[in-house]
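# Per-entry structural report
Listed here are the chains, written in short residue letters.
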Amino acid sequence: MGAPSTTSASFHDMWRDLTPIGRNTTTNGYRRYAWTEADADCRTWFKEQAQNRGLTYEVDRNGNQWAWLGDPEAGDAIVTGSHLDSVPDGGAFDGPLGVVSSFAALDELRARGAHPAKPLAIVNFGDEEGARFGLACVGSRLTSGQLSVAQAHELRDADGLSLPRAMERAGYDPDAIGPDPERLARIGAFVELHIEQGRALDDTKNPVGVASAIWPHGRWRFDFHGEANHAGTTRIEDRRDPMLTYANTVLAARKKAKLAGALATFGKVSVEPNGVNAIASLVRGWLDSRAADEETLAAVVGEIERAAVERGQRDGVDVRVTRESFTPVVEFAHDLRDQLSGLLGGVPILPTGAGHDAGILSASVPTAMLFVRNPTGVSHSPAETAGEDDCLAGVAALAEVLEGLACH
């Protein structure tokens, strides 16, 4: 599939303008957290792209941004897009590639002279990564009713600021948040383009693929309660050191996941009192775990918890586990998935272990995903990358899909 030469300039212009926003010059990664200055700059960029194309721009009750070609109220709309926020020091492509490619695909459709018979929309879902408030896909979860208003009000960042107050400070109305079934009822299909978070496409030498399913996944908080004491005067045998229990649990997680063919990662930790010469009183570690099916996932997390409790009993440490989020397995709509693969000439169909807004919306509307080749397989890191030709091939593929879904 050839890259759309008529839209390469628009893709490069958008990428050039978006790339500096939220970049940390020390790490070269991105810190585009929800409802911060960098997030506001990304939102301004999105609004300008919509206005430059004469699209109808709106922000919904949950802060998600929409750009419409056609009547937003007509129904059976074909929607594409992704997100613009990032994980701490994340890469440039996760999320933004989908949004930039959506605008570029629309430019390609116009260059072809295509006339959509259905409304087309591009969306930027807010707070997809959950970097600030600890819960992924907040914008799409609120919209679909998978996150209640009461639960949203309990979300807080590291400084204790609640999600509603953060939205208010950013100029949005926190009293408006909540389910938006009327909006979802007007969507006929949602297609999200995303950089592949793995190397399956590189192994098959294909620039673009179609998603089959998203592995079930969740986040669990492990609280290890010990006893603070002096690092220089407390005998080893007298210690109740939660750091020791935490460290053993990290190793156990790796072992249990590997044996089950699953994934388990402790990627975030907080320590109290967090002093170099003090034994900790409390260690909190956040576990991210994923597996091909829900039974395996439940078994792996259960084994990790048992290992933590057993080690805690030896160390005199109390272990408490709280599930903070869970997303069941997502099987994308098979007819839509197969239609996309057919429109693109039979490209590979592959699963993913990463969560996406498309996965959240799949319970409410038909959804599908396109993946763009990532030669390193690295994601959530500044090393995340995609080749220029592959990015433009993704634009061409998305344009082909949108034309097939909206123009025929």
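What you see is a predicted model, and the numbers here were worked out from it, not measured in a lab. (Residues numbered from 1 in each chain as written. Predicted model: local features only at pLDDT ≥ 70, side-chain atom pairs only at ≥ 80, totals over all residues. Heavy atoms only, no water.)

## Digging into the pairing of strand β3 (residues 77-83)
- The buried fraction of β3 amounts to 7 of the 7 residues, a majority that puts the element mostly inside the structure.
- Judged by which residues are buried, β3 turns out to be covered on both faces: A77, V79, G81 and H83 on one side and I78, T80 and S82 on the other are all buried.
- Two elements, β3 and strand β5 (residues 187-195), share 4 bridges in a ladder whose sense is parallel. Pairing of I78 across the sheet is with A189, part of β5.
- Taken together, the 6 bridges between β3 and strand β4 (residues 120-125) define a ladder with parallel strand orientation. Directly across from T80, in β4, lies its bridge partner I122. (Buried < 20%, exposed > 50% of the residue type's maximum accessible area, 1.4 Å probe, protein only. Helix = DSSP H or I, 4+ residues; strand = E, 2+ residues; numbered from the N terminus. Pairing = 2+ DSSP bridges.)

## Focus on helix α3 (residues 96-112)
- A rise of 1.5 Å per residue sets the reference length of α3, with its 17 residues, at 24 Å; its end C-alpha atoms lie 24 Å apart and thus fit the reference within 8%.
- Buried residues dominate α3, accounting for 14 of its 17 residues.
- After α3 finishes, the residue G113 shows a positive phi value of roughly 80 degrees. (Expected span 1.5 Å × (residues − 1).)

## Comments concerning the packing of aromatic side chains
- The full count for this structure, using the stated rule, is 13 aromatic pairs.
- With centroids separated by 6.1 Å and ring planes inclined at 80 degrees, the aromatic side chains of W66 and F125 adopt a geometry described as edge-to-face. One end of the pair, W66, is in strand β2 (residues 65-69); the other, F125, is in strand β4, and 59 residues separate them in sequence. Judged on exposure class, the residue W66 and its partner F125 are both buried.
- Here the aromatic cluster, defined as three or more aromatic residues joined through ring pairs, consists of W45, F46, Y57 and F103. (Phe/Tyr/Trp six-rings, centres within 6.5 Å; stacked < 30°, edge-to-face > 60°.)

## Remarks on the sheet that holds strand β11 (residues 282-290)
- Ordered by their spatial adjacency, 4 strands build an open sheet running β9-β11-β7-β12, and the pairing between neighbours is antiparallel. Looking along the sheet, the strands with just one partner apiece sit at the ends: β9 (263-272) and β12 (318-327). Here the strands of the sheet are splayed against their neighbours by 20 degrees on average, with no regard to which way each runs.
- With 9 bridges connecting them, β9 and β11 associate as antiparallel partners. The residue of β11 that forms the bridge with A264 is S289.
- Packed on one face of the sheet, helix α9 (residues 242-260) meets β7 (217-225), β9, β11 and β12 and runs near 170 degrees to β9.
- Contacting β7, β9, β11 and β12, helix α10 (residues 294-315) crosses the sheet at an angle of about 5 degrees to β7. (Axes fitted to C-alpha atoms, helices over the stretch in contact; angles between N-to-C directions. Contact = heavy atoms within 4.5 Å.)

## Observations regarding the nonpolar core
- One finds F11, W45, L97, F103, L340 and L370 to be the most contacted residues of the largest nonpolar core, which totals 53 residues.
- By residue number, the principal contributor to this core is helix α13 (residues 388-406), which donates 11 residues.
- The residues touching L97, leaving out its near neighbours within four places in the chain, are F11, W15, L193, I195, V372 and C391.
- Listed in part, the 21 residues of the second largest apolar core include I187, F190, A358 and L361. (Core = buried A, V, L, I, M, F, W, Y, C linked by side-chain atoms within 4.5 Å.)

## Considerations on unusual backbone geometry
- Of the consecutive residues E272 and P273, the connecting peptide bond is found in the cis state with omega at 0 degrees.
- Relative to the assigned elements, P273 resides in the loop between β9 and β10 (278-279).
- A positive phi angle, close to 55 degrees, is found at D89, a residue other than glycine.
- For D89, the location among the structural elements is in the loop between β3 and α3.
- For N274, which is not glycine, the phi dihedral falls at a positive 65 degrees.
- Turning to its location among the elements, N274 is positioned in the loop between β9 and β10.

## Remarks on the pattern of salt bridges
- Applying the stated rule across the entire model yields 25 salt bridges.
- Of the charged contacts, one joins R43 and D39 as a salt bridge, the two residues approaching to 3.1 Å between their closest N and O atoms. On the criterion of helical spacing, the pair formed by R43 and D39 is a turn pair, its members being 4 residues apart in helix α2 (residues 37-52).
- When its relative accessible area of 7% is taken as the criterion, D39 is described as buried. (Salt bridge = Lys/Arg side-chain N within 4 Å of Asp/Glu carboxyl O.)

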